[in-house]
Amino acid sequence: MDDIKYGEILMPGDEETQKRQEKSVRSKFWPTLRKAARHIPFSRDVVAAFYCALDSQTPTRVRGVLLAALGYFVMPIDIIPDFFAVIGFSDDAAVLALAFSMIKGHIRQEHYDAADRALANEPEAAKAV
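This text gives an overview of the structure that appears in the document. For clarity, every value in this text was computed on a predicted model and none was experimentally measured. In every chain, residue numbers begin from 1 and rise along the written sequence. Two thresholds apply to this predicted model, a pLDDT of at least 70 for residue-level local features and 80 or more for giving and counting side-chain atom pairs, whereas whole-chain, interface and lining totals are computed over all residues. Water and hydrogen atoms were dropped before computing side-chain values, which therefore reflect all heavy atoms in the structure.

**A few points about the overall build of the protein chain**
Helix and strand definitions follow DSSP, with helices as H or I runs of at least four residues and strands as E runs of at least two, each counted in order from the N terminus. Helices and strands together make up the secondary structure of the protein chain, namely six helices and zero strands. Ordered by position from N to C terminus, the α and β elements of the protein chain give α-α-α-α-α-α. Every one of the 129 residues in the protein chain was classed for burial, and the buried ones make up 43%. Here a residue-residue contact requires only that any non-hydrogen atoms of the pair lie within 4.5 Å. The contacts of the protein chain with a sequence gap of at least 6 include a subset with a gap of at least 24, amounting to 66%. Per-residue and other accessible areas were derived by the Shrake-Rupley procedure at a 1.4 Å probe size, with only the shown protein chains allowed to occlude residues. Carbon together with sulfur atoms contributes 56% to the accessible area of the protein chain, which is approximately 7,300 Å² in total. Using a 1.4 Å probe on the protein chains alone, a residue whose accessible area is under 20% of its type maximum counts as buried, one over 50% counts as exposed, and one in between counts as partly exposed.

**Some remarks on the side chain of Thr58**
Its place among the elements puts Thr58 in the loop between helix 3 (43-54) and helix 4 (60-74). Using a relative accessible area of 4% as the deciding quantity, one classes Thr58 as buried. Dropping the residues within four chain positions of it, Thr58 is found in contact with Cys52, Arg63 and His111.

**Notes on the pattern of salt bridges**
Throughout this description, the term salt bridge denotes a Lys or Arg side-chain nitrogen within 4 Å of a carboxyl oxygen of Asp or Glu. Here the structure, examined in full by the defined rule, presents six salt bridges. Across the salt bridge formed by Arg44 and Asp116, the nearest N and O atoms sit 2.6 Å from each other. Of this pair, Arg44 sits in helix 3 while Asp116 sits in helix 6 (residues 109-119), and the two are 72 residues apart along the sequence. Residue Arg108 pairs with Glu110 through a salt bridge whose shortest N-O separation is 3.1 Å. Via salt bridges that share partners, Glu22, Arg26 and Arg63 belong to a single interconnected network.

**Some points on the packing of helix 3 against helix 6**
A packed helix pair is summarised by two numbers, namely the angle formed by the two axes and the spacing between the axes. Axis lines are fitted to C-alpha atoms, over the contacting stretch for helices. Their N-to-C directions set the angle, which ranges from 0 to 180 degrees. At their nearest, the axes of helix 3 and helix 6 sit 8 Å apart, and the two run at 120 degrees to each other. When the interaxial angle is binned, helix 3 and helix 6 end up oblique. Taken as a pair, helix 3 and helix 6 cross one another with a handedness that is right-handed. Contacts from Ser43, Arg44, Asp45, Val47, Ala48, Tyr51 and Cys52 of helix 3 reach helix 6 at Gln109, His111, Tyr112, Ala114, Ala115, Asp116, Ala118 and Leu119. Residue polarity is assigned by list, with Asp, Glu, Lys and Arg as charged and Ala, Val, Leu, Ile, Met, Phe, Trp, Tyr, Cys and Pro as nonpolar; anything else, Gly included, falls into the polar class. In terms of residue class, the contact of helix 3 with helix 6 is built from nine nonpolar, three polar and three charged. Oblique is the label for every angle not falling under 35 degrees (roughly parallel), over 145 degrees (roughly antiparallel), or within 65 to 115 degrees (roughly perpendicular). Left-handed describes a crossing in which the near helix is turned anticlockwise from the far one by less than a right angle; the clockwise case is right-handed.

Below is the structure:
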């Protein structure tokens, strides 16, 4: 894992890259999270990051970093395949942790509230932010 270029993974990218990442994240986020939830101790943070990334009030650079990290999370093929129990999500966790440290302070309480509703399977959660 020494040759992982986390900085390259988390590049916000241009507007077209962000649109492509957002489309991928929107379609693959929930199925991937459901598979990973029992292995990721910070699932609430991941869901809050999802809502932050889709929030139009989030600054463009922050959205780009989060979409890149969440895009890596939902990619079916990555450095450590996700089908390996527990360790399969360790690279995803590292990328997400780095993204969180880069955008600290931009995930607001309303994103966490939406995450709590979504994780509780409340039907209105998808409309939250």
